[in-house]
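For reference, the chains in residue letters:
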Amino acid sequence: EQVVRAFTDFSDRRLQVWRRTLAPEKYEVRELGDTWAVVREGSGGTKIWVVLRYEWQEPGTIRWTLVDSDHCTGGRGEVVVRPLERGGSRVDALIDHTGPRGPRGRIILLMQRLVGPVVFPRLWRSALDSLPG
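The rules we used
Residues numbered from 1 in each chain as written. Predicted model: local features only at pLDDT ≥ 70, side-chain atom pairs only at ≥ 80, totals over all residues. Heavy atoms only, no water. Patch = residues over 30% accessible without salt bridge, like charges linked within 9 Å, V, L, I, M, F, W, Y side chains within 5 Å. Areas by Shrake-Rupley, 256 points an atom, 1.4 Å probe, with all protein chains shown as cover. Salt bridge = Lys/Arg side-chain N within 4 Å of Asp/Glu carboxyl O. Helix = DSSP H or I, 4+ residues; strand = E, 2+ residues; numbered from the N terminus. Buried < 20%, exposed > 50% of the residue type's maximum accessible area, 1.4 Å probe, protein only. Contact = heavy atoms within 4.5 Å. Pairing = 2+ DSSP bridges. Axes fitted to C-alpha atoms, helices over the stretch in contact; angles between N-to-C directions. Polar contact = N/O pair within 3.5 Å; in protein donor to acceptor, adjacent residues only side chain to side chain.

Chemist: I would appreciate a short explanation of a nonpolar patch on the surface in the present structure.
Modeler: Judged by side-chain polarity, I95, I107, L110, M111, L114, V115, V118, V119 and F120 come together as a nonpolar surface patch covering roughly 740 Å² of accessible area. The dominant element in the nonpolar patch, judged by the number of residues it contributes, is helix α3 (residues 102-129), at eight residues. With respect to the secondary-structure elements, I95 resides in strand β6 (residues 89-100). I95 sits in the partly exposed class, given a relative accessible area of 35%.

See below:
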């Protein structure tokens, strides 16, 4: 529950949990419902941003679709959280952004495909491991 909450909490707490990957100046909640949100997000130190529509109707599963971006025209993602018998959670993620916008977009998507599978899990584990309790 704590991990799912970290992915679906769109209050100011999100900026604390994801402080290593989410720049406050790029963060904007545009719409928010009980099981969905439309949010603008981006990392610090880069000019990359995305607008994503998150949905979490199914327990333990968070999905998103790309609404807008400065570097690609389409995309989706999914995070599935499963409890482990010994405690803690297993988090499986799929990120598939497509349709690069120009040469810059091609480079960004290539870098995401090359380093993302190594960097994203480390950053996410660091954020989730720092959750209290």
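After presenting the structure, the write-up continues.
Chemist: In this structure, what is going on with the side chain of H97? I would like to understand it.
Modeler: Following the sequence through the fold, H97 ends up in strand β6. Classification of H97 by relative accessible area gives buried; the value is 10%. Discounting residues that sit within four places of it in the chain, H97 has contacts with V50, L52, W64, L66, C72, G74, G75, R76, L109, Q112 and R113.

Chemist: Any chance you could explain the environment of I95 here in plain terms?
Modeler: For the pair I95 and R76, spaced 19 residues apart in sequence, the C-alpha separation works out to 6.2 Å. Contacts of I95, omitting those with residues within four sequence positions, involve W64, R76, G77, F120 and W124.

Chemist: What is the right way to look at the sheet that holds strand β2 (residues 36-41) in this model?
Modeler: Backbone hydrogen bonds are what pair the strands of a sheet, in a parallel or an antiparallel way. Here six strands make up an open sheet; going across it, the order is β1-β2-β3-β4-β5-β6 and the pairing antiparallel. The sheet is open, and its two borders are formed by β1 (28-32) and β6, each paired with just one other strand. Direction aside, the axes of adjacent strands within the sheet are offset by 20° on average.

Chemist: Teacher, can you tell me more about the environment of D92 here?
Modeler: For D92, the location among the structural elements is in strand β6. If we ignore the near neighbours within four places in the chain, the residues touching D92 are E78, V79, V80 and R82. Polar side-chain contacts of D92 include one of 2.7 Å to the side chain of R82.

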